2 protein chains.
Amino acid sequence: MLSKKTKYGLKALTFLAKQDKKEPIPIADIAEHENISQKFLESILLTLRRTGYLGSKKGKGGGYYLIKDPSEIPMTTVMRVLEGPIAMVSCVSLNFYEQCEDCPDEQSCSVHKLMLKVRDSALEVYRNTTLADLLP
Amino acid sequence: MLSKKTKYGLKALTFLAKQDKKEPIPIADIAEHENISQKFLESILLTLRRTGYLGSKKGKGGGYYLIKDPSEIPMTTVMRVLEGPIAMVSCVSLNFYEQCEDCPDEQSCSVHKLMLKVRDSALEVYRNTTLADLLP
DNA sequence: TATTAACCCTATTGTTTTAATAGGTAAATC
DNA sequence: GATTTACCTATTAAAACAATAGGGTTAATA
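Note that the structure is a prediction, hence the values are computed from the model and not measured.

Draft legend 1. Fine view of helix α5 (residues 110–127) of chain B. Over its 18 residues, α5(B) runs 26 Å from end to end, which matches the ideal 26 Å to within 8%, given 1.5 Å per residue. Residues of α5(B) that are buried: S110(B), V111(B), H112(B), L114(B), M115(B), V118(B), R119(B), S121(B), A122(B), L123(B), V125(B) and Y126(B). Where α5(B) is buried, its residues touch α1 (4–18), α4 (75–83) and α5 (110–127) of chain A together with α4 (75–83) of chain B.

Draft legend 2. Seen up close, the interface of chain A and chain B. Every contact between the two is made by 38 residues of chain A and, on the other side, 39 residues of chain B. Here chain A and chain B share an interface that buries about 3200 Å² over both sides, 66% of which is from carbon and sulfur atoms. Interface area lost by chain A to chain B is led by M88(A), D102(A) and L114(A), which between them contribute 17%. Across the chain A-chain B interface, the total number found is zero salt bridges. Here chain A is connected to chain B by seven residue pairs in polar contact (both at pLDDT 80 or more). For the side of chain A that touches chain B, the secondary-structure elements that each account for two or more residues are α1, α4 and α5 of chain A. It is α5(A) that provides the largest number of residues to the side of chain A that touches chain B, a total of eleven residues. In the side of chain A that touches chain B, the residues fall into 23 nonpolar, six polar and nine charged.

Draft legend 3. Seen up close, the protein's contact with DNA strand D. Neighbouring residues of DNA strand D: 25 residues in total, closest K39(A), I27(B), E42(B), S56(B) and Y64(B). The sugar and phosphate moieties of DNA strand D supply 76% of its atoms located within 4 Å of the protein. A distance of 2.5 Å separates a phosphate oxygen of DNA strand D from a polar atom in the side chain of S56(B). Secondary-structure elements contributing two or more residues to the surface near DNA strand D are α1 and α3 (38–49) of chain A together with α3 (38–49), β1 (54–57) and β2 (63–66) of chain B. In terms of residue count, the dominant contributor to the surface near DNA strand D is α3(B) (four residues).

Draft legend 4. Spatial organisation of the layout of surface pockets. Considered as a void within the structure, the largest pocket measures approximately 620 Å³ in volume. Contributing to the lining of the largest pocket are 28 residues, with M1(A), M88(A), M1(B), I86(B) and M88(B) lying nearest its centre.

Definitions and cut-offs
- Residues numbered from 1 in each chain as written.
- Chains lettered and ligands numbered in written order.
- Predicted model: local features only at pLDDT ≥ 70, side-chain atom pairs only at ≥ 80, totals over all residues.
- Heavy atoms only, no water.
- Helix = DSSP H or I, 4+ residues; strand = E, 2+ residues; numbered from the N terminus.
- Expected span 1.5 Å × (residues − 1).
- Buried < 20%, exposed > 50% of the residue type's maximum accessible area, 1.4 Å probe, protein only.
- Contact = heavy atoms within 4.5 Å.
- Buried area = accessible area lost by both parts, 1.4 Å probe.
- Salt bridge = Lys/Arg side-chain N within 4 Å of Asp/Glu carboxyl O.
- Polar contact = N/O pair within 3.5 Å; in protein donor to acceptor, adjacent residues only side chain to side chain.
- Nonpolar A, V, L, I, M, F, W, Y, C, P; charged D, E, K, R; others polar.
- Near = heavy atom within 4 Å.
- 1 Å grid on protein atoms, 1.4 Å probe; cavity = no way out; pocket = protein on both sides within 12 Å on 5 of 7 lines; lining within 4 Å.
- Points joined across faces, edges and corners; volume = space filled by probe spheres on them.

So yeah, pure geometry; function would need other evidence.
In structure tokens:
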């Protein structure tokens, strides 16, 4: 299941992408429009800033805004930062690889084989989908 | 992340598929060969029986065995029984659909849009992969 | 420079899910 | 009828999740 963190993060990004003017939007505004706990959203936006696609400005008139055009923001980055590894098992993860402790041989492991396919298909979706594709 | 339940279940099915003779294999044997807690595996195999692909026999000489050929066992069924819905959000689930409580309009929801794509791609993998494809 | 409104950070808590354990029941075989 | 094996119920320990609380810091504005 998708975590609420990711769900809220995506909704927040979409909300920012929909803004006409690219002025900073306060957290409180996003939280209200998307029905998200403000404090929770705060931490999510902080996390999202690590993607480099999201900028923020402090003080009066401040808030969050997109640095890049939505069409330049791929879901691979967003999903990895919010949800973590795209792979369902660490032994098929590109960015978070770890050997399975209980698995004697990766090549002959059925779980490995299946999850490799699933990862590849998910990756193709995320790579070919940008924030712009998610707008109404 | 894939649950251990699913991981173990897949390993157990693969182990059964690899057997030359199709005689029942006791849980204890599967558990030992695949390094799985026997009690945990018990409940997993019970769950898997609901797919209709797995048979069991009690008493001496009993155990679990595949009813169908591995090539006739698609991953869609196995994954749904073990891991639950293939969709990452209930509003895009085919078999476990539920409306999101916080979402005013599904059609315009960015999460819905993205997760629909992800579901479709995962579904394609699971539909086109049988237990036979996972054998070494 | 004082104020304001926003971002930033740490810690805690309640809930749910997961992974496993324990103990007993039912059925098949010898 | 003793043994073997699957079947069922309940409990628990640990982890992850979703939020809450409270305060601290920063930077515009007046």
